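This is what each chain is made of:
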Number of protein chains: 2
Amino acid sequence: MHAVLSALADPIADDMREVVHVFEDELRSDQPFVGELCARIARYRGKMLRPTLLLLTGRACGRVTREHHVLGAVVEMVHMATLVHDDVLDEADIRRGGPTINRLHGNEAAVLLGDYLISHAYHLCSSLDSQIAARRIAETTNTVCEGELMQVSQRGNWSLREDEYFEIIRRKTAVLTSVCCELGARFADADEETAQHAAAYGHDLGMAFQIIDDVLDLTSTEEEAGKSLGRDAALGKLTLPLIHALRSSGEDRRARLIESLTSGDGNGRGTRLYPVELSASIEHASSVARSYVQSAIEHLSDWPPSEARDALTAAAEFVVHRRA
Amino acid sequence: MHAVLSALADPIADDMREVVHVFEDELRSDQPFVGELCARIARYRGKMLRPTLLLLTGRACGRVTREHHVLGAVVEMVHMATLVHDDVLDEADIRRGGPTINRLHGNEAAVLLGDYLISHAYHLCSSLDSQIAARRIAETTNTVCEGELMQVSQRGNWSLREDEYFEIIRRKTAVLTSVCCELGARFADADEETAQHAAAYGHDLGMAFQIIDDVLDLTSTEEEAGKSLGRDAALGKLTLPLIHALRSSGEDRRARLIESLTSGDGNGRGTRLYPVELSASIEHASSVARSYVQSAIEHLSDWPPSEARDALTAAAEFVVHRRA
């Protein structure tokens, strides 16, 4: 796990071990090939950001239960399923410093492994006494799929607006971090207002997280990030810094930017832009992310002070300061 | 809907309209691109075999409830998700006489649309009062994914045995038809023994269905079947007739068969074998399918006579006599 996030997770270290236990138990298979694929994706279990949010919210709201452990495994499985399918969509080769499933075993295995993960996520959900979590998780995955489909349908649209971009990342990323915090609160029997603040915190953190992810796609190195980079623009996927750069350019520079974004090196990869050319746009995106973090933290301001609440604040700050 | 199955579905015609209603309601989206994709896959809703089984079993066991309508939509969505992802895996161009989603909108959209369908299937499940159906459906999709992964891992294994083939098709096909009949019975408050007979009927019918599907991949024309054919062998996927043919061949003919199976026409398609060369093997597979149908029908022998039970018998017979 990432060192900073790992420190944040101190108040929930034992609970996180339980989450990992539930996760691994659920994915056991009598089929060697399936076991091999699941062992491979254990590498993807990097930051464990979503279970961390779910457990910390539960702790900040008073308690962490067996349901939190199960739901922590559920949200991590949902997240991993989206990673595995994203890597197919993006034709990515590297994830968390190792080869992707599609690179190792082909697109078929990667599509099916994503399906397998999502199926097991719902299977775990259905082991809980109430339908509440299953309902909220399914609503969330409905929205995540819509966000991803919107993104695909907007590929190569060089006129994508900021508000459209925000709606895409809200659906594909922020609804999941939001539901993590909401369920963390609800399963600690938080009142409705607290659950809504938790959801709003998770939403804002998710927005900031995705914006910074999109910035890092331009500014980070593959070594730092441990995954394939620079593919957004090459695949015609506009992100906040690029939208800003295109919007603030005259016609000539705009045409030159699009030309530079779409020209590949023959391996399906776009030419890496020099970040210096985009520095004002990167600063714009970073500042939007910082205001989401500020807003996220404010949603917690009425909560009673606790180690877990401090960790949630630190998690929000981590999101914009990470290098990978 | 297929004419013969449509006639079988007479006892449940009104219920099927309800299923379609639930199905279409669930997939409504505020996103035009998503709506367009869903309209396209409405074409895939061909035989509606799985909801037909679920409703007929309910009717034969005494009643069809609101839960049956919801679950009918659920199993059809699960089935469609597998079709959409299968077409990506098989690089198929044609499905039910029209272009596939991957052909029209690319693999990305097809992967995501499959995810969208499966997410909505679980979303519908979570609207029911009890977790029973959600649990059984998730167990089933776990197994379906394992079956598909087993199939992928066995590609190009020209020594695949019959028992391995049966285990693959049990997981990828028969568990779903089985759970349709089981849930149809359970939600009609059938006793445990009846529910188990229903499950066994559905299992045997599913086995027969898949074997005949694999036979039709060799013997049918794309015009008759309305989907891409002859891809099993080209993709190194052994099916019952091919396993039989390879096993009953001397070394020379075996080598010639494999050569002929793997040589493509340059478009990724295998050379179509003359069925005459495989006629004994096709007869072997068809006879195995017929014995599954016989066994399926026997599971219903203690059920009280009814129009719905007759329709279930006819459905099992239809499975081996269909041309597509």
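Because the structure is predicted, anything quoted here is derived from the model rather than measured.

## Description of the overall build of chain A
- Counting its regular elements, chain A contains 15 helices and two strands.
- Taking all 324 residues of chain A together, the buried fraction comes to 62%.
- Summing over all exposed atoms, chain A offers an accessible surface of approximately 12300 Å²; the carbon and sulfur share of this is 48%.

## Quick look at helix α12 (residues 240–247) of chain A
- Of all eight residues in α12(A), seven are buried; the element is thus mostly enclosed.
- A:Leu240, A:Pro241, A:Leu242, A:Ile243, A:His244, A:Ala245 and A:Leu246 are the residues of α12(A) that are buried.

## Re the confidence of the model for chain A
All names here are of chain A.
- Mean pLDDT over chain A: 88, with 89% of residues reaching 70 or higher.
- Of all the helices and strands in chain A, helix α10 (residues 222–225) carries the lowest mean pLDDT, 64, while helix α8 (residues 162–186) carries the highest, 98.
- Confidence metrics for the complex model read pTM 0.91 and ipTM 0.91.

## Structural notes on the relation of the copies chain A and chain B
- Once chain A has been moved 0.0 Å along the axis and rotated by 180°, it coincides with chain B to within an RMSD of 0.0 Å. Expressed as an axis order, the relation between the two copies is that of a two-fold axis.
- With an isologous cut-off of 70% or more, the 100% of interface residues of chain A that recur at the interface of chain B puts this contact in the isologous class.

## What to know about the interface of chain A and chain B
- With 43 residues of chain A in contact, the opposing surface of chain B contributes 43 residues.
- Of the roughly 3800 Å² buried at the junction of chain A and chain B (both faces included), carbon and sulfur atoms supply 64%.
- Looking only at chain A, the three residues that lose the most surface to chain B are A:Leu112, A:Gln131 and A:Leu149, adding up to 18% of its buried area.
- Along the contact surface separating chain A from chain B lie four salt bridges.
- Between B:Arg171 and A:Asp30 there is a salt bridge; the shortest N-O distance is 3.1 Å.
- Seen at the junction of chain A and chain B, the total is 27 residue pairs in polar contact (both at pLDDT 80 or more).
- A per-class count over the side of chain A that touches chain B returns 19 nonpolar, 13 polar and 11 charged.

## Side note on the packing of aromatic side chains
- Considering all chains together, one arrives at five aromatic pairs over all chains under this definition.
- By way of ring pairs, the aromatic residues A:Tyr165, A:Phe166 and A:Tyr292 are connected into one cluster.
- It is B:Arg322 that lies over the ring of B:Phe209; its NZ or CZ is 3.9 Å from the centre.

## Topic: the pattern of salt bridges
Residues and elements named next belong to chain A.
- Overall, the coordinates contain 40 salt bridges over all chains when judged by the stated rule.
- Note that Glu162 is salt-bridged to Arg247, the shortest N-O span being 3.5 Å. Taken together, the residues Glu162 in helix α8 and Arg247 in helix α12 connect sequence positions 85 residues apart.
- Three or more residues joined by partner-sharing salt bridges are found here, namely Arg135, Arg136, Glu139, Glu182, Arg186 and Glu192.

## Examining the environment of A:Asn142
- Inspection of the secondary structure puts A:Asn142 in helix α7 (residues 132–153).
- Residue class for A:Asn142 comes out buried when judged on its relative accessible area of 7%.
- Residues A:Asn142 and A:Asp217, 75 residues apart in the sequence, show an inter-C-alpha distance of 26 Å.
- At 3.3 Å, the side chain of A:Asn142 forms a polar contact with the backbone nitrogen of B:His120.

## Observations regarding unusual backbone geometry
All names here are of chain B.
- Positive phi values are uncommon outside glycine, yet Met48 reaches one of about 50°.
- Topologically, Met48 is positioned in the loop between α3 (32–41) and α4 (49–60).
- The phi torsion at Asp189 lies on the positive side, around 60°, for a residue other than glycine.
- Structurally, Asp189 is set in the loop between α8 (162–186) and α9 (192–219).

Rules and cut-offs
- Residues numbered from 1 in each chain as written.
- Chains lettered and ligands numbered in written order.
- Predicted model: local features only at pLDDT ≥ 70, side-chain atom pairs only at ≥ 80, totals over all residues.
- Heavy atoms only, no water.
- Helix = DSSP H or I, 4+ residues; strand = E, 2+ residues; numbered from the N terminus.
- Buried < 20%, exposed > 50% of the residue type's maximum accessible area, 1.4 Å probe, protein only.
- Areas by Shrake-Rupley, 256 points an atom, 1.4 Å probe, with all protein chains shown as cover.
- pLDDT = per-residue confidence, 0-100.
- Least-squares fit on C-alpha atoms with pLDDT ≥ 70 in both.
- Contact = heavy atoms within 4.5 Å.
- Buried area = accessible area lost by both parts, 1.4 Å probe.
- Salt bridge = Lys/Arg side-chain N within 4 Å of Asp/Glu carboxyl O.
- Polar contact = N/O pair within 3.5 Å; in protein donor to acceptor, adjacent residues only side chain to side chain.
- Nonpolar A, V, L, I, M, F, W, Y, C, P; charged D, E, K, R; others polar.
- Phe/Tyr/Trp six-rings, centres within 6.5 Å; stacked < 30°, edge-to-face > 60°.
- Lys NZ or Arg CZ within 6 Å of the ring centre and 35° of its normal.

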